[in-house]
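Chain and residue survey
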Amino acid sequence: MTTPEQMDWNNLGFGYTDTGKRYRAYYRNGAWEKGGITEDATITMSEAANVLHYGQTCFEGLKAYRTKSGEINLFRVDQNAARMRRSAERLLMPAYPEDWFVEAVKEVVAANADWVPPYESGATLYIRPFLIGLGASIGVSPADEYLFGIYVSPVGAYFKGGLTPSNFVVSDYDRAAPQGTGAAKVAGNYAASLYPGKKAKLDGYTDAIYLDPATKTKIEEVGAANFFGITKDNKFVTPLSPSILPSITKYSLLYLAKERLGLEVEEGDVYVDQLDQYVEAGACGTAAVISPVGSITVGDKKYVFHSETEVGPITKRLYDELVGIQYGDVEAPEGWIQKVPVK
Ligand SMILES: *Cc1c(COP(=O)(O)O)cnc(C)c1O
């Protein structure tokens with residue numbers, strides 16, 4: 001197995017590395033056990049486990065950041081705990097208690113502290129909590145046993161190029177139905193996005209953009225990231241819809257755009273035939289951080305935002321503010337950063 005000392009932190013991709021320690025907790029006989037750290041990366045389950053057939057599974061994604069002074073920061077982990085509870089409820093799964101979720105994240109990061117990449121390497125420790133239905137059943141019904149787990153893996157940039165703009169194409173496919181599971185971080189949404197994502201890549205784009213499934217006129221998601229645009233008169237606009245995954249990064253940017261950059265902000269409709277209103281655009285999420293959207297192709301029309309090669313000025317200021325807060329270089333709004341205690 002690779003050790004932290006062998007890592008080339010500055011050239012990391014977005015891949016899985018086994019760090020040796022993970023978290024496991026089981027739900028049996030109607031109750032969660034607290035669980036703890038284990039070294040076994042595998043999971044043993046019945047061939048009839050719900051997760052394998054009926055898809056009772058949801059997940060979260062967040063990161064641990066190494067600060068300049070060597071401390072470890074978590075960004076808004078309480079929001080991930082709350083969102084996982086909502087995802088679990090949507091699939092009729094018992095949520096692992098939110099306060100235990102936060103403690104478990106801290107425990108697993110502390111156990112893997114050497115795997116949190118150095119400050120300024122551009123890499124972070126990605127944290128992946130997940131919840132799966134284990135109990136055996138043949139009929140469509142919720143499982144009676146569940147596993148809550150967390151693994152971690154050091155990662156580099158999600159979209160290669162970091163702050164270099166990427167080009168996207170509007171997909172004919174939907175990732176979620178209007179009143180389906182789009183707002184929950186559940187596995188089925190991602191299985192549904194693999195084919196359209198592959199198609200977009202084969203056509204030379206970074207990823208697919210999904211429109212609202214009911215009317216196909218408004219932008220919803222950029223691959224597995226949320227969308228924002230900056231209008232000519234400097235308004236920060238981001239889509240609002242029940243089939244969008246509510247990105248914690250997006251809600252943080254809404255706050256920062258208003259409170260720190262003094263911009264007008266709006267959660268509303270982003271019509272795909274009115275994209276010429278926007279002078280900058282971006283994709284945002286924990287993995288994507290903020291990735292500038294250089295262009296969007298809609299049928300035979302191509303909209304370019306700011307530039308296909310350089311990040312726009314407002315996108316750059318938002319990026320610096322957000323990333324500065326995550327790494328502890330910029331003062332965080334109350335409650336946004338939690339420290340992982342390390343020896
Ligand atoms: C996780 C995710 C996001 C980003 O959410 P964050 O909380 O900012 O990480 C956006 N869209 C989809 C579809 C996602 O799964």
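Note that the structure is predicted; figures quoted are calculated from it, not measured.

1. Observations regarding the site of the ligand
- Around the ligand, the structure places 14 residues, and the nearest of them are Lys-185, Tyr-190, Ser-247, Thr-249 and Thr-286.
- With respect to the ligand, the side chain of Thr-286 contributes an N or O atom lying 2.6 Å from an oxygen atom.
- In the complex, the protein chains occlude 96% of the 380 Å² of accessible area that the ligand would expose alone.
- Within the residue set of the shell around the ligand, elements represented by two or more residues are strand S12 (225-231) and helix H5 (248-259).
- Its residues assigned to classes, the shell around the ligand comprises five nonpolar, five polar and four charged.

2. Description of the domain arrangement of the chain
- Domain annotation for the chain reports domain 1 (2-153) and domain 2 (164-325).
- Its C-alpha centre places domain 1 at a distance of 26 Å from the equivalent point of domain 2.
- Contacts between the two partners involve 19 residues from domain 1 and, on the opposite side, 19 residues from domain 2.
- Of the roughly 1500 Å² buried where domain 1 meets domain 2, counting both sides, 64% is carbon and sulfur surface.
- Ranking the residues of domain 1 by area buried against domain 2 places Phe-59, Phe-75 and Arg-83 at the top, with a combined share of 38%.

3. Describing the packing of aromatic side chains
- Throughout the structure, instances matching the rule amount to 17 aromatic pairs.
- Summarising the aromatic geometry, the rings of Phe-59 and Tyr-190 are spaced 5.1 Å apart at their centres and angled 65° between planes, so their arrangement reads as edge-to-face. Separated by 131 residues along the polypeptide, Phe-59 in strand S4 (residues 57-59) and Tyr-190 in helix H4 (residues 187-202) bring together distant segments of the chain.
- Clustering of aromatic rings is evident, with ring pairs tying together Tyr-23, Tyr-27, Trp-32, Tyr-96, Trp-100, Phe-101, Tyr-146 and Phe-148.
- Between Arg-28 and the ring centre of Tyr-26, over which it is positioned, the NZ or CZ distance is 4.4 Å.
- Directly above the ring of Tyr-251 sits Lys-250, whose terminal nitrogen or CZ lies 5.1 Å from the centroid.

4. Regarding the pairing of strand S14 (residues 264-268)
- Note: strand S13 (residues 235-239) against S14, five bridges, orientation parallel. Looking at S14, one finds that Lys-235 is bridged to Glu-264.
- Crossover connection from S13 via H5 to parallel S14: handedness right-handed.

5. Examining the UniProt feature "modified residue: N6-(pyridoxal phosphate)lysine" (unreviewed entry) in the chain
- In the numbering used here, UniProt assigns the feature "modified residue: N6-(pyridoxal phosphate)lysine" (unreviewed entry) to Lys-185.
- With respect to the helices, strands and loops of the structure, Lys-185 is situated in the loop between strand S9 (166-170) and H4.
- Setting aside its immediate chain neighbours within four residues, Lys-185 contacts Cys-58, Phe-59, Glu-60, Gly-61, Arg-83, Ser-87, Tyr-190 and Leu-245.

6. Let's talk about the nonpolar core
- Core analysis: the biggest nonpolar cluster contains 40 residues, and Phe-101, Val-105, Val-109, Ile-127, Leu-131 and Phe-148 have the highest contact counts within it.
- Where this core is concerned, the elements lending two or more residues are strand S1 (22-28), strand S5 (62-66), strand S6 (72-75), helix H2 (77-90), helix H3 (98-111), strand S7 (124-133) and strand S8 (146-155).
- The biggest single contributor to this core is H3, with six residues.
- The contacts of Val-105, once residues within four sequence positions are left out, are Leu-62, Leu-74, Val-77, Ile-127 and Ile-150.

7. Examining the environment of Val-152
- Relative to the helices and strands, Val-152 is located in strand S8.
- Val-152 sits in the buried class, given a relative accessible area of 2%.
- Separated by 27 residues in sequence, Val-152 and Leu-125 place their C-alpha atoms 6.5 Å apart.
- Not counting the four nearest positions on each side in its chain, Val-152 is found in contact with Thr-17, Thr-19, Val-108, Asn-112, Leu-125, Tyr-126 and Ile-127.

Calculation rules
Residues numbered from 1 in each chain as written. Predicted model: local features only at pLDDT ≥ 70, side-chain atom pairs only at ≥ 80, totals over all residues. Heavy atoms only, no water. Near = heavy atom within 4 Å. Polar contact = N/O pair within 3.5 Å; in protein donor to acceptor, adjacent residues only side chain to side chain. Areas by Shrake-Rupley, 256 points an atom, 1.4 Å probe, with all protein chains shown as cover. Helix = DSSP H or I, 4+ residues; strand = E, 2+ residues; numbered from the N terminus. Nonpolar A, V, L, I, M, F, W, Y, C, P; charged D, E, K, R; others polar. Domains from an automatic or database assignment. Contact = heavy atoms within 4.5 Å. Buried area = accessible area lost by both parts, 1.4 Å probe. Phe/Tyr/Trp six-rings, centres within 6.5 Å; stacked < 30°, edge-to-face > 60°. Lys NZ or Arg CZ within 6 Å of the ring centre and 35° of its normal. Pairing = 2+ DSSP bridges. Right-handed = clockwise from strand over helix to strand, strands pointing away. UniProt positions renumbered as here; feature names shortened; annotations may be inferred. Core = buried A, V, L, I, M, F, W, Y, C linked by side-chain atoms within 4.5 Å. Buried < 20%, exposed > 50% of the residue type's maximum accessible area, 1.4 Å probe, protein only.

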